[in-house]
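One letter stands for each residue in the lines below.
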Amino acid sequence: MRYSEWKMLSNTERKEIGWRRHPRIKTVTLFTIALAVTFIIVVLGINKNSIVHLNRKPTAQEAFNIAREFVKDHLKQPATAAFPNNSFKPVIDTATNSYQIRSSVKAINASGKMIRSDWVIGMRYTGGDWSEKNSWQVESINISPEN
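Here the structure is a predicted model, which means the values were calculated and not measured.

**Student:** Kindly report on the layout of surface pockets, identifying the contributing residues and their values.
**Tutor:** Counted as a void, the largest pocket has a volume near 180 Å³. Residue lining of the largest pocket: His74, Leu75, Lys76, Gln77, Val105, Ala107, Ile108, Asn109, Ile115, Ser117, Ile143 and Pro145, and that is the complete set. The set of elements that each furnish at least two residues to the lining of the largest pocket consists of strand S2 (98–108), strand S3 (114–125) and strand S4 (136–145). Per element, the largest residue contribution to the lining of the largest pocket is 3 residues, and it comes from S2. The class makeup of the residues in the lining of the largest pocket is 7 nonpolar, 4 polar and 1 charged.

Spelled out as structure tokens, the structure:
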């Protein structure tokens, strides 16, 4: 029913027809359905991107980034840690999701001196988002200061 036809009806005829047939209600219903479909498409698109991100195995650079966080946890003063940007040696076994990363860190030790330490960490990727610590299991960590 068009709005011009609705205006021509008497009050009793409008009551008999019901509010669902009112032109404004039809317009609002159509816009609501269109908005809901658009929302569902957007949510599925975002979810699709998240699934792609979560189902792939981490790269060597990503493993190095999370390894630095685990190494910081073992330092006396983690706020002073300075890691080399891309100076690391990865050994990756994709069949077992094991990652071994070797690198170095400069940090202030307990006596207040800045020292350089070499570190090696063995980790296993357990699944999920690689940037979260709970997606990794640390198997071994060794931080040895240079002499």
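**Student:** I'd like a rundown of the sheet that holds S2, residues and numbers included.
**Tutor:** One key point about sheets: their strands pair by backbone hydrogen bonds, in either a parallel or an antiparallel sense. Reading across from one edge, S1-S2-S3-S4 is the order of the 4 strands in this open sheet, with antiparallel pairing throughout. Edge positions in the open sheet fall to strand S1 (89–93) and S4, since each of these has one partner strand only. When strand polarity is set aside, the average angle formed by the axes of neighbouring strands in this sheet is 25 degrees. Note that S3 and S4 share 9 bridges and pair antiparallel. In the sheet register, methionine 123 faces S4, and the bridge partner there is valine 138.

**Student:** Now, about helix H4 (residues 60–73): what can you tell me, with residues and values included?
**Tutor:** When the terminal C-alpha atoms of H4 are compared, their 20 Å separation across 14 residues agrees well with the 20 Å that a helix rising 1.5 Å per residue should span. When H4 is considered as a whole, its buried residues turn out to be Glu62, Ala63, Phe64, Ile66, Ala67, Phe70 and Val71. Turning to H4, the residues buried within the fold contact S2, S3 and S4.

**Student:** Tell me about the nonpolar core, and please be specific about residues and values.
**Tutor:** In terms of nonpolar packing, the biggest core is built from 20 residues, with Ile101, Trp119, Ile121, Met123 and Trp136 touching the most fellow members. Mapped onto this core, the elements with two or more residues apiece are H4, S2 and S3. Considering every element that reaches this core, the biggest residue donor is H4, with 6 residues. With residues up to four places along the chain from it excluded, the contact list for tryptophan 136 reads Pro58, Ala63, Ile66, Phe70, Tyr99, Met123, Arg124, Tyr125, Thr126 and Trp130.

**Student:** Please provide a residue-by-residue account of a nonpolar patch on the surface, values included.
**Tutor:** Together, Phe39, Ile40, Val43 and Leu44 make up an exposed nonpolar region whose accessible area comes to about 410 Å². Here phenylalanine 39 lies in helix H3 (residues 23–55). Here phenylalanine 39 falls in the exposed class, since its relative accessible area comes to 57%.

Here is what the cut-offs are and how they apply
Residues numbered from 1 in each chain as written. Predicted model: local features only at pLDDT ≥ 70, side-chain atom pairs only at ≥ 80, totals over all residues. Heavy atoms only, no water. 1 Å grid on protein atoms, 1.4 Å probe; cavity = no way out; pocket = protein on both sides within 12 Å on 5 of 7 lines; lining within 4 Å. Points joined across faces, edges and corners; volume = space filled by probe spheres on them. Helix = DSSP H or I, 4+ residues; strand = E, 2+ residues; numbered from the N terminus. Nonpolar A, V, L, I, M, F, W, Y, C, P; charged D, E, K, R; others polar. Pairing = 2+ DSSP bridges. Axes fitted to C-alpha atoms, helices over the stretch in contact; angles between N-to-C directions. Expected span 1.5 Å × (residues − 1). Buried < 20%, exposed > 50% of the residue type's maximum accessible area, 1.4 Å probe, protein only. Contact = heavy atoms within 4.5 Å. Core = buried A, V, L, I, M, F, W, Y, C linked by side-chain atoms within 4.5 Å. Patch = residues over 30% accessible without salt bridge, like charges linked within 9 Å, V, L, I, M, F, W, Y side chains within 5 Å. Areas by Shrake-Rupley, 256 points an atom, 1.4 Å probe, with all protein chains shown as cover. Salt bridge = Lys/Arg side-chain N within 4 Å of Asp/Glu carboxyl O.

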